Amino acid sequence: MIIRIILKYELKCFINYLNQKKSRIIGLIIGVLLELLFLVILFFVIPPVSVRNLIYGYRSIIADSLSTIGLFIAFFSVSGGASLVTTVRRGLRRQLEALLLAPTNPMSIFFVYLIIQSLIVSSIIIEILLPILIWILIAAGFSIITVGIFSLLLIFMIFAFSLIGAILGIAYIRFGVKRRMKLAIASMVFLALFYFMYFGALANNDMSSSTITIVLRVLASDVSPFKWIASPLYYELNRSWLYVIEFFLACGFLVIITYIPLKMIVNKYLEGKLRPPVERIEFTIRRGIIDFLFEQPLRGLIRKEIKIIKRDPNLLVSLLTPIIIGIVIIAAIAFSSQEPSYQMGRMMYMILLPILILASITPMTYIPVSVATEKERLAIYFASPIMIRDFLLAKFIVPYIFSLIYGISISCFLSIIIGSDFLMLLIVVFILVGVINITSGIGTVIAGKWINFKAPNPRKALTLEGSLVVFVTIFIISFIIPLTMILMIFLPTVIILSAIIVFVISFLIMLKLVDMGAENLKKLEITDYF
Amino acid sequence: MGILIITESFIYEKKGAELAIIFNDVTKIYDSKIALQNFSMRVNPGEIVGLLGPNGSGKTTALRIAVGLLKPSKGDVIIMGHSITHNPEEAKKYIGYVPDEPPLYENLAGIEYLQLILELWGYDIADKMNEIDELARILDMQLELNDLISSYSAGMRRKIALMAALIHDPKVLIIDEITANLDPKALASLAILLRGLKEHNVAILISTHILEIAEELSDRVVILHAGEIIWTGNPKEFRKEVSESKRLEDIFFELTGGPEVEQIINYLRRYTK
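Attention now moves to the overall build of chain A. Regarding its fold elements, chain A presents 22 helices and zero strands. Summarising its shape, the C-alpha atoms of chain A cover approximately 70 × 65 × 50 Å along the three principal directions. When each of the 530 residues of chain A is scored for burial, the buried share is 36%. The contacts in chain A between residues at least 6 apart in sequence include a share of 82% that link residues at least 24 apart.

This is the structure:
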């Protein structure tokens, strides 16, 4: 009963959301058409039967690999569920509280509500990954019934893990700032370890390779729930009772991992234990480098930015992740057991180049998100006697300085690895600073012009035009840095002169772009963001 | 030889040097809906003006235009001689604004939020610590100043917003929905504080639904209905001149319509069935 009511109103909200703008309806139609096109191409243009002879012999390997794929799907579902709930948690909490006033079992309200969140997360996996998996399994000669049962079990697993993610997201709300930061740092350490292992294995690091092998063996063993998910496929390969038991174990496992956390979260919520603890700070007036470098009000604005970054795990993670990935990849290869060689130098070059590109675009992606998180708080600045340009400058300065330090360090390291001379390094740094200047400037223009401040998730607040600008800029940047490096060999003088010109002009362009961003931001009225 | 162009708002800027707030023929249109129409009003230094009106009458729109959060479709607001549309940075220096739902940073402590506000107004918090302490004592916030705002109740949020509006010594104080989320003690303290500020020539513009508050605090009341001023005057003098028994509530209901008594009775009938 409650499912029907909640679903009905969720659907009404969605339809109202679509009806607000024609572009949303067009977007939905395009999305549905693209999905249909994808399915038609997948199943009719390249029918699975056409490659059956090629992959029929690998049926058992395909079944074995599904346990690893299952782990990744579970990981994606958990993180998707958690991020969905945490990023729009204020709205979710209000909706939940409104629903809990109804004379219904709170457990069912939570369940239905979390199911809706899971649906949103799982839709991406179900729409794209599932058809590909089904295609591979049919191509490998598995029967339609087996593939059907496996698909249902996989969908159930996606639901269950995104539900766990959503529950973890709700629990996350009760954490204080310090605990959230610890969790964010722990996640980054986990990510770092993952990359360390992966790139260590790529560089033939014995320890990393053996660890990965052990993990894969555990995942594909009979005690692994991720293997149980693939039990229908194993049953078709080898009709053993073990796989029937594993099928029921999989169902039981999914029910248990869904029910127990749900029960716990409902109890904690109703007992009022899901409120964040009162956190107290030690306030001292200290004079730091910001006070020497900047005038008021920029000084105050930058101080606030740094405080917010230090206490907002989302902003911190988006700023630190590129660095951590870069350092870990370098470390993983440096610690590998092989001696450095020409091949290794080339590999480092291939790996470090994207990191360099990532460093140069970080401000462009970070500044709009940082501005979008302000939402109704923009009123503080619009009602204060500051120039909006100062507000935007403060948003710009932190990621800009951060990217400069990071990009220049990576460039120096890259220069050592490929054994280039100082002049080459200088040119790369000139070009890099020029690129960072321009991308940061573009970031402020996007922040001022193409943000929907009413979007529940600031990370997805960019309008279509904003996303296109980001996409095109990344596309262009991806060519500029490597192209410079290649042309440096053939046309050194032209490149040196161009680098100097770009370096100088980029500062002017950057300032002009910041002004443009500020001019656009100034046009906002409170009804645009509140 | 240069050509001297004297705009209307320039004239008002010069004229308005002695006045604290001038709403000069302000109109605000959202899409095709008129929220405020030809709204003209003045507030003198040391005067408290109460803006009254039913929901959707344009009170918040008028206040938001005065602080620069909305741009007027027509007209201008002059604050201490500076146009809010043409010279906003200068005009806003004089304004302390308390919105009905204060936007705050959840991850900042109350004291850090005040530091931010002071820095926006060009002050150093070290010079204002005594004032912060005094205001915190008045509003019962001493113990919560170092707590993160995420743990604040609605009342505390409102109090920190009040402190933020007062801490930079505004010459013009604008408070939307003055009673919102404040307990009786805080409200009484605020009333005493406002009277004190009035004595020190601060111009105060408040909006409220509570007619007694408007009558008690304001030197002048402006009643808005559908974006237009329908009555303005001093409620106490009005009572003396017209009838001692006639209260502001009676004027308000006469002008904007009173409660739908018949419909209420009809609705309540279901409980007798």
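The subject of this paragraph is the interface of chain A and chain B. Counting residues at the interface gives 30 residues for chain A, matched by 31 residues for chain B. Listing elements by their share of the side of chain A that touches chain B, those giving two or more residues are helix 14 (298–311), helix 17 (378–382) and helix 22 (526–529) of chain A.

Take the packing of helix 19 (residues 422–449) of chain A against helix 20 (residues 464–490) of chain A next. Residues and elements named next belong to chain A. The geometry of helix 19 relative to helix 20 is characterised by a closest axis approach of 11 Å and an angle of 175° between their N-to-C directions. Considering the angle they form, helix 19 stands roughly antiparallel to helix 20. Of the residues in helix 20, those in contact with Met424, Ile427, Val428, Ile431, Val435, Thr439, Ile442 and Ile446 of helix 19 are Gly466, Val469, Val470, Thr473, Ile477, Ile480, Ile481, Thr484, Met485 and Met488. Its residues assigned to classes, the contact of helix 19 with helix 20 shows 14 nonpolar, four polar and no charged.

Further remarks concern the nonpolar core. Ile21, Val77, Ile79, Met163, Val172, Ile174 and Leu205 of chain B are the most contacted members of the largest nonpolar core, which has 158 residues in total. The leading source of residues in this core is helix 19 of chain A, at 14 residues. If you look at the next biggest cluster of nonpolar residues, it comprises 46 residues, including Ile73, Ala74, Ala82 and Phe226 of chain A.

What follows is about the pairing of strand 1 (residues 21–30) of chain B. Sheet faces and side chains relate simply in a regular strand, where the side chains alternate between the two faces. Residue and element names in this part refer to chain B. In this structure, strand 1 lies alongside strand 2 (residues 33–43), joined through seven bridges in antiparallel fashion. Residue pairing across strands places Lys28 opposite Leu36, the latter belonging to strand 2. Here strand 1 folds back onto strand 2, and the loop between the two strands holds two residues, one of which, Asp31, carries a positive phi near 50°. The sheet contact formed by strand 1 and strand 4 (residues 74–79) spans five bridges and is antiparallel. Across the sheet, Ile21 pairs through a bridge with Ile79, a residue of strand 4.

The next thing to look at is the domain arrangement of chain B. Residues and elements named next belong to chain B. Along its sequence, chain B is carved into domain 1 (8–94 + 170–272) and domain 2 (104–167). The gap between the C-alpha centroids of domain 1 and domain 2 is 26 Å. Across the boundary between the two partners, domain 1 contributes 10 residues, which contact nine residues of domain 2. Top contributing element to the side of domain 1 that touches domain 2 by residue count: helix 7 (residues 184–199), with four residues. The residue inventory of the side of domain 1 that touches domain 2, partitioned by class, reads seven nonpolar, two polar and one charged.

This paragraph deals with the pairing of strand 9 (residues 220–225) of chain B. Residue and element names in this part refer to chain B. When strand 3 (residues 48–52) meets strand 9, the two strands line up parallel, connected through four bridges. From the neighbouring strand, Leu51 faces strand 9, where its bridge partner is Val222. Judged from the five bridges that link them, strand 9 and strand 10 (residues 228–233) form a sheet pairing that is antiparallel. Across the sheet, His225 pairs through a bridge with Glu228, a residue of strand 10. The loop that links strand 9 with its antiparallel partner strand 10 comprises two residues; one of these, Ala226, has a positive phi angle of about 50°.

Glancing now at the confidence of the model for chain A. In this model, chain A carries an average pLDDT of 84, and 92% of its residues clear a pLDDT of 70 or more. By mean pLDDT, helix 5 (residues 89–100) of chain A is the weakest element of chain A at 70, and helix 17 of chain A is the strongest at 96.

What counts, and at which threshold
Residues numbered from 1 in each chain as written. Chains lettered and ligands numbered in written order. Predicted model: local features only at pLDDT ≥ 70, side-chain atom pairs only at ≥ 80, totals over all residues. Helix = DSSP H or I, 4+ residues; strand = E, 2+ residues; numbered from the N terminus. Buried ≥ 20, exposed ≤ 12 C-beta atoms within 10 Å, placed from the backbone. Contact = placed C-beta atoms within 7 Å. Axes fitted to C-alpha atoms, helices over the stretch in contact; angles between N-to-C directions. Parallel < 35°, antiparallel > 145°, perpendicular 65-115°, else oblique. Nonpolar A, V, L, I, M, F, W, Y, C, P; charged D, E, K, R; others polar. Core = buried A, V, L, I, M, F, W, Y, C linked by C-beta atoms within 7 Å. Pairing = 2+ DSSP bridges. Domains from an automatic or database assignment. pLDDT = per-residue confidence, 0-100.

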